[in-house]
Amino acid sequence: MKARSFFLALALIACSSPGSTPKGGLAPGSSHLELSYLLGHDLYRFSFQADQDLVVARKFLGHDQVLEAQVDRSKYLELLQRASDILGKARKPANDATCRAPFTLSVQDGQSRLHSTGCRQGDEGTGIGKLARDAEVLMYFKK
Amino acid sequence: MAGLGLAAHHFLWDGRRPGQVPPRVPTTRSPASTVESPQDPCHQLYRMICQQSGTTRDPSGTVRTDRDGEQAALDAYRGILEEHPGLEPEQAEEQLVDAIYTPRRTQRVRSAFDWAKDQLEKFIDRQPEPVFSAREKRLLKGQLHHVELQLPPPASNYEDEPDLFTKNGAYYERVDEGRMRIRIGGAYLLSTDSWFNLVFTLAHELAHSIDPCELRALHLSLPAYDRLGACLMQQRVVELGRERHECADNDQLSEAFADWMAVQVVAKGLKHFSTEFDRTQLRHAVRNSVRDLCDQDESLEELDLTQHPSPEVRIEAIFGSHPVIREILGCPKLIPLPGPLLGLDRACDFSKGMNP
Ligand SMILES: [Zn+2]
């Protein structure tokens, strides 16, 4: 199937629900990281909102928020850097490529905003799986 | 059981070799945690299967919700990190994998995978010559044969997707030309040990290797697939959007096909046990076969983000229309209607719509 509509819809859910990327620029010291992806019949979303020293992480399954936690700022900043690195190399699948596991990733740091979409499957270089793992570990275990 | 032969014993839920004695199944009614549903399965199959929340049990095992499975996986992860606070994620994952993908669980999954693959091949072989030519059968079975079930340990088998250890996903993917694999999230192993659910899930994923969109990607098309697809569309199992393009954006054909094939497989298993289980046990096995379809995230449907037909359609129209499932549930046969209504009341198959 063409992957385009997946990404539009993923972007839609990422921008229309709690914890989503703020519109416009952020104040200095503020940042936002968001990763959404589809796996089987579940839609996952990890969102981090940093405002000076306070970093709040949220995990959503579909519409439902399943976790909200304050997390360690320095570890969050490491994650943010890794996400930014991934954004530099994330590849969008061709329009006619079959995509069973699409993702969207966005980072907003002060005035700069990066956003990308891609496909996890068969694309072992994206690092999305590891980023998702580290986001989850940070939320649950390294507050 | 006639028709299943030795292979039937291969679907033992504890990974025993074919030919060994099947495990003892409870002869009493199932535990009280699974309450008999008052719904009429012939008219309210979706409600019968999905109305009960929490754990559902059949004689082979249980199915818990996706969230229960994920919570159990996260709890296991937490336990490891609390016990060994200095571990790097990769080291913690090795321990997590050892805790989740135990020999017993992985053997059970491999056994269900082998059985489902064998049954899919037999189903293809049983189709008469006008449905599939010998060449087409070889091609389909060749595709199935090349699908690898990729399971940890070691954890490095999922090195690129370590988040899978705490997720429910079980999914098929074509990695590159000729290489196909199925991966299973750790949370699924913790949420499900019902043999019937394992078989349905693995048969569904295996069927993706021969679904119409996979074949199309290989520049192949089969007339029998066109007939089945036309029937699924005629019966509104596959939704006809205003601008439906086969295998294009959010098209439901490949998912409906994978469900339809999986039903052929799990119906064989249910039929086999229909003489060994009592009526209640059999209904629980029916329910657990497709219990996890109830969990489909509603937001995906709202956003039109899924290629899956709705859970109601998957359960009522695809699963519930199979003659064996209907027989097991004590429902009347679907009767073919004549003339212009031909086929509307009969389950779809590869030969439907063929000239006699
Ligand atoms: Zn599928």
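Scope of this entry: the structure provided in the associated data block. No experiment lies behind these values; they were computed from the predicted model shown.

### Considering the packing of helix H2 (residues 73-89) of chain A against helix H3 (residues 128-141) of chain A
Residue and element names in this part refer to chain A.
Piece 1. Closest axis-to-axis distance for the H2/H3 pair is 11 Å, and the angle between their directions is 165 degrees. Taken together, the axis directions place H2 and H3 in an arrangement best described as roughly antiparallel. With respect to the hand of their crossing, H2 and H3 are arranged in left-handed fashion. Note on element contacts: H3 touches H2 through Ile128, Lys130, Leu131, Asp134, Ala135 and Leu138, opposite Lys75, Tyr76, Leu79, Arg82, Ala83 and Ile86.
Piece 2. Considered class by class, the residues forming the contact of H2 with H3 number 8 nonpolar, no polar and 4 charged.

### What to know about the sheet that holds strand S3 (residues 147-150) of chain B
Residue and element names in this part refer to chain B.
Piece 1. Ordered in space as S3-S5-S4, the 3 strands form an open sheet in which the pairing is mixed. Looking at strand neighbours, the two that pair on one side only are S3 and strand S4 (170-176), the edges of this open sheet. Adjacent strand axes in the sheet meet at a mean angle of 30 degrees, parallel and antiparallel pairs treated alike.
Piece 2. The sheet contact formed by S3 and strand S5 (residues 179-184) spans 4 bridges and is parallel. Its bridge partner being in S5, Val147 is matched across the sheet by Met180.

### Regarding the pattern of salt bridges
Piece 1. Tallying each qualifying case throughout the model produces 19 salt bridges over all chains.
Piece 2. Here Arg133 of chain A and Glu93 of chain B are joined by a salt bridge, their closest N and O atoms 2.6 Å apart. Of this pair, Arg133 of chain A sits in helix H3 while Glu93 of chain B sits in helix H3 (residues 89-100), each in a different chain. Across the pair, Glu93 of chain B and Arg133 of chain A agree in class, each one buried.
Piece 3. Asp160 of chain B serves as the salt-bridge partner of Arg183 of chain B, at 3.2 Å between the closest nitrogen and oxygen.

### Looking at the coordination of the zinc ion
All names here are of chain B.
Piece 1. With distances of 2.1 to 2.7 Å, the protein atoms coordinating the zinc ion are His204 (NE2), His208 (NE2), Glu255 (OE) and Glu255 (OE).
Piece 2. Each of the 4 donor atoms bound to the zinc ion contributes to angles spanning 52 to 142 degrees, and the resulting shape is irregular.
Piece 3. Positions of the donor residues of the zinc ion, expressed as sequence spacing, correspond to H-x3-H-x46-E. Residue His204 and its partner His208 are both found in helix H7 (residues 195-208); the two are separated by 4 residues, about one turn of the helix. Across the pair, exposure class does not vary: His204 and His208 are buried alike.

### Topic: the nonpolar core
Piece 1. By size, the foremost hydrophobic cluster in this structure holds 125 residues, and its most contacted members are Phe48 and Leu105 of chain A together with Ile184, Phe319 and Phe350 of chain B.
Piece 2. Tallying contributions element by element places helix H10 (residues 253-273) of chain B first for this core, with 13 residues.
Piece 3. Beyond its immediate chain neighbours, meaning those up to four positions away, Phe350 of chain B contacts Phe123, Gln127, Val131, Phe132, Ala224, Tyr225, Arg227, Leu228, Phe257, Trp260 and Met261 of chain B.

Rules and cut-offs
Residues numbered from 1 in each chain as written. Chains lettered and ligands numbered in written order. Predicted model: local features only at pLDDT ≥ 70, side-chain atom pairs only at ≥ 80, totals over all residues. Heavy atoms only, no water. Axes fitted to C-alpha atoms, helices over the stretch in contact; angles between N-to-C directions. Helix = DSSP H or I, 4+ residues; strand = E, 2+ residues; numbered from the N terminus. Parallel < 35°, antiparallel > 145°, perpendicular 65-115°, else oblique. Left-handed = near helix turned anticlockwise from the far one by under 90°. Contact = heavy atoms within 4.5 Å. Nonpolar A, V, L, I, M, F, W, Y, C, P; charged D, E, K, R; others polar. Pairing = 2+ DSSP bridges. Salt bridge = Lys/Arg side-chain N within 4 Å of Asp/Glu carboxyl O. Buried < 20%, exposed > 50% of the residue type's maximum accessible area, 1.4 Å probe, protein only. Donors = N, O, S within 2.8 Å, 3.2 Å for Na, K, Ca; no water. Tetrahedral: all angles 85-135°; square planar, octahedral: opposite > 155°, others 65-115°. Core = buried A, V, L, I, M, F, W, Y, C linked by side-chain atoms within 4.5 Å.

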